[in-house]
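Each chain is listed here by its residues.
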Amino acid sequence: RLTTAGVHHVFDLRSQEEQRAEPNPLLGDAAFEVVGYDLMAPVMTARASGRGRTEDPFDLAGFYLDMTVEARDLLLDLLAHMQAARASGGLLIHCTAGKDRTGVVSALALHASGVSEADVAHEYALTHARLTPLYDHLLRGVLASGVPEAAAHRLLTAEAGTMARFLAGVEDDVIAAAEGLLDP
């Protein structure tokens, strides 16, 4: 069904560990170019060395902003690769849950295309209800990574205010790099 929809490029935003544990099922399929972009590794490295935009390691808006700072070059490379890939077919981006790494890239593309911050934040918040069937599976994965249970529940939310705080803090040139991704 993806090829019927014109999708030929898959951008896997999961960490290298996630990709090893659960390889992308489209790897090796000649119909797709599958490329991994681990946007979390630079953020986790920076946070481990005391850098980061928030004292609270479980603040999602701070985590998203850290992606645009600590993984800036990788994020800009991803957006440029997506821009170039558009010319030869549709794109699919994904991570594990589809709300954090994929949510950031999607929010940048929507906002760069003229969608208001309020509407982007509203769309992001819809993710929370959509993740309900996957919640227990996602919670097990977060807990297995060593995150305390109370914090794990926070990490699995998708509140409009989180996305609004992210969009208010992201630099204009990062948004500009996503311009045109949603153009027909």
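Residues numbered from 1 in each chain as written. Predicted model: local features only at pLDDT ≥ 70, side-chain atom pairs only at ≥ 80, totals over all residues. Heavy atoms only, no water.

A short note on the packing of helix α6 (residues 117-130) against helix α9 (residues 160-169)
Taken N-terminus to C-terminus, the directions of α6 and α9 make an angle of 140°; their axes are 8 Å apart at the nearest point. Here α6 lies oblique to α9, going by the angle between them. Here α6 and α9 pass one another in a crossing that is right-handed. Note on element contacts: α9 touches α6 through Ala-160, Thr-162, Met-163, Ala-164, Leu-167 and Ala-168, opposite Glu-117, Val-120, Ala-121, Tyr-124 and Ala-125. Of the residues assigned to the contact of α6 with α9, the class counts are nine nonpolar, one polar and one charged. (Axes fitted to C-alpha atoms, helices over the stretch in contact; angles between N-to-C directions. Helix = DSSP H or I, 4+ residues; strand = E, 2+ residues; numbered from the N terminus. Parallel < 35°, antiparallel > 145°, perpendicular 65-115°, else oblique. Left-handed = near helix turned anticlockwise from the far one by under 90°. Contact = heavy atoms within 4.5 Å. Nonpolar A, V, L, I, M, F, W, Y, C, P; charged D, E, K, R; others polar.)

Looking at the pairing of strand β2 (residues 33-36)
Examined bridge by bridge, strand β1 (residues 7-12) and β2 share four bridges and lie parallel to one another. Bridge pairing in β2 links His-9 to Glu-33. Between the parallel pair β1 and β2, the chain is carried across by helix α1 (residues 16-21), and the sense of this crossover is right-handed. (Pairing = 2+ DSSP bridges. Right-handed = clockwise from strand over helix to strand, strands pointing away.)

Some details on the pairing of β1
Within β1, five of the six residues are buried, which leaves the element mostly enclosed by the surrounding structure. Two elements, β1 and strand β3 (residues 90-94), share five bridges in a ladder whose sense is parallel. Looking at β3, one finds that Asp-12 is bridged to His-94. (Buried < 20%, exposed > 50% of the residue type's maximum accessible area, 1.4 Å probe, protein only.)

Comments concerning the sheet that holds β3
Spatial strand order, β2-β1-β3: three strands in an open sheet with parallel pairing. With one partner strand each, in any of the chains shown, β2 and β3 form the two edges of the open sheet. The average angle at which neighbouring strand axes cross in this sheet is 20°, direction not considered. In the packing of helix α4 (residues 72-85) onto the sheet, contacts are made with β1, β2 and β3, and the angle to β1 comes to roughly 175°.

Side note on the packing of aromatic side chains
What the rule picks out here adds up to four aromatic pairs. Ring centres 6.3 Å apart and planes at 40° place the aromatic pair Phe-11 and Tyr-37 in the tilted group. With a gap of 26 residues between them, Phe-11 in strand β1 and Tyr-37 in the loop between β2 and α2 (40-48) connect regions that are remote in the sequence. Just as Phe-11 is buried, Tyr-37 falls in that class too. Look at Tyr-64 and Phe-166: their rings are 6.0 Å apart centre to centre, the planes differ by 90°, and that puts the pair in the edge-to-face class. Residue Tyr-64 is found in helix α3 (residues 60-70), and its partner Phe-166 is found in helix α9; the two are separated by 102 residues along the sequence. Just as Tyr-64 is buried, Phe-166 falls in that class too. Counting every residue linked through ring pairs, the aromatic cluster contains Phe-63, Tyr-64, Tyr-124 and Phe-166. (Phe/Tyr/Trp six-rings, centres within 6.5 Å; stacked < 30°, edge-to-face > 60°.)

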